[in-house]
Amino acid sequence: MFTIGDFARHGRVSVRMLRHYDATGLLRPAHVDPANGYRHYTASQLSRLNRIIALKELGFTLQQVRDIVDEKGDAGQLRGMLRLRRAELENAVATANARLVQVEARLRAIESEGHMPTATAGSSSTPPSRSPPRSRTATSASSTCRPSNRRPPSSTTARWTPYSPPPRP
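Given the structure is predicted, the values throughout are model-derived calculations rather than measurements.

1. So, the overall build of the chain
- For the chain, the helix and strand inventory stands at six helices and three strands.
- Along the chain direction, N to C, the helices and strands of the chain fall in the order β-α-α-β-β-α-α-α-α.
- Residues counted as buried form 18% of the 169 residues belonging to the chain.
- The contacts of the chain with a sequence gap of at least 6 include a subset with a gap of at least 24, amounting to 47%.
- Counting only carbon and sulfur atoms, one obtains 55% of the accessible surface of the chain, whose full area is about 12,800 Å².

2. Remarks on the side chain of Arg-66
- Along the chain, Arg-66 turns up in helix α4 (residues 62–69).
- Notably, Arg-66 is buried but unbridged: the nearest opposite-charge side chain belongs to Asp-70, and the N-O separation is 5.0 Å.
- Among the polar contacts made by the side chain of Arg-66, one reaches the main-chain carbonyl oxygen of Thr-24 at a distance of 2.6 Å.
- Aside from chain neighbours lying at most four places away, what touches Arg-66 is Thr-24, Gly-25 and Leu-26.

3. Side note on the pattern of salt bridges
- The final tally for this structure, using the stated rule, is five salt bridges.
- The partner of Glu-88 in a salt bridge is Arg-85, with the nearest N and O atoms 3.1 Å apart. Of this pair, Glu-88 and Arg-85 are both found in helix α5 (residues 75–113), three residues apart, which corresponds to roughly one turn of the helix.
- Under the relative-accessibility criterion, Arg-85 is labelled buried at 19%.

4. Things to note about unusual backbone geometry
- Look at Arg-12: it is not a glycine, yet its phi comes out positive at around 60°.
- Looking at where Arg-12 falls in the secondary structure, it is placed in the loop between α1 (4–11) and α2 (15–24).
- Judged by its relative accessible area of 78%, Arg-12 is exposed.

5. A closer look at the packing of α1 against helix α3 (residues 45–57)
- Between α1 and α3, whose axes approach to 10 Å, the crossing angle comes to 55°. When the axis of α1 is compared with that of α3, the two are oblique. Between α1 and α3 lies a crossing whose hand is right-handed. In this structure, α1 contributes Phe-7, His-10 and Gly-11 to the contact, and α3 contributes Gln-45, Leu-46, Leu-49 and Ile-53.

6. Quick word on the sheet that holds strand β3 (residues 39–41)
- Judged by pairing direction, the sheet is antiparallel, and its three strands sit side by side in the order β1-β3-β2 without closing on themselves. In this open sheet, the two edge strands, each paired with only one partner strand, are β1 (2–3) and β2 (31–32).
- Summarising the sheet, β2 and β3 pair through two bridges and their orientation is antiparallel. Opposite His-31, over in β3, you have His-40 as the bridge partner.

7. Observations concerning the packing of aromatic side chains
- Under the counting rule described, the total for this entry stands at two aromatic pairs.
- Summarising the aromatic geometry, the rings of Phe-2 and Phe-7 are spaced 6.4 Å apart at their centres and angled 45° between planes, so their arrangement reads as tilted.
- Under the relative-accessibility criterion, Phe-2 is labelled partly exposed at 22%.
- Using a relative accessible area of 0% as the deciding quantity, one classes Phe-7 as buried.
- Ring geometry for Phe-7 against Tyr-41: centres 4.4 Å apart, planes inclined by 5°, an arrangement best described as stacked. Here Phe-7, found in helix α1, pairs with Tyr-41, found in strand β3; they are 34 residues apart in sequence, far enough to count as distant. As far as the burial class goes, Phe-7 and Tyr-41 line up, both buried.
- Members of the aromatic cluster, connected to one another through ring pairs, are Phe-2, Phe-7 and Tyr-41.

What counts, and where the lines are drawn
Residues numbered from 1 in each chain as written. Predicted model: local features only at pLDDT ≥ 70, side-chain atom pairs only at ≥ 80, totals over all residues. Heavy atoms only, no water. Helix = DSSP H or I, 4+ residues; strand = E, 2+ residues; numbered from the N terminus. Buried < 20%, exposed > 50% of the residue type's maximum accessible area, 1.4 Å probe, protein only. Contact = heavy atoms within 4.5 Å. Areas by Shrake-Rupley, 256 points an atom, 1.4 Å probe, with all protein chains shown as cover. Lys, Arg positive; Asp, Glu negative; His and termini not counted. Salt bridge = Lys/Arg side-chain N within 4 Å of Asp/Glu carboxyl O. Polar contact = N/O pair within 3.5 Å; in protein donor to acceptor, adjacent residues only side chain to side chain. Axes fitted to C-alpha atoms, helices over the stretch in contact; angles between N-to-C directions. Parallel < 35°, antiparallel > 145°, perpendicular 65-115°, else oblique. Left-handed = near helix turned anticlockwise from the far one by under 90°. Pairing = 2+ DSSP bridges. Phe/Tyr/Trp six-rings, centres within 6.5 Å; stacked < 30°, edge-to-face > 60°.

Listed below in structure tokens is the structure:
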């Protein structure tokens, strides 16, 4: 028999998670000491814990995990649940890819609008003049996404320009 701490280490989960699984009836300890309430698990319960962890990593809810590990459904239902989960994940990936395209387009727009003229070798070392500050009543999203017009502390050695994009690696 394993104590809850030993079982948690072998199963690579937290003691708190094991207590939660016990409270929800997903994984009950093999024995609870009536004198002190300590939970004890058997080595054979590790396989159930591993199935629970694997199904959770696939994104199933605890109720779905309980139904699967308690074998309330047949193999056909499990296949159906896995196909449904695959479709949900494909939809999430498509949504994330669409957002990524929007972010990349926004970055390209900002980079093309925000280029400041670079100093040539013979030019003075004074920073370019700044545009006047924006009105505080502006409601456009672009005005809220830009940094403030304050200069950084004088200890900075890099040349500072108000709206230039970060340097590319």
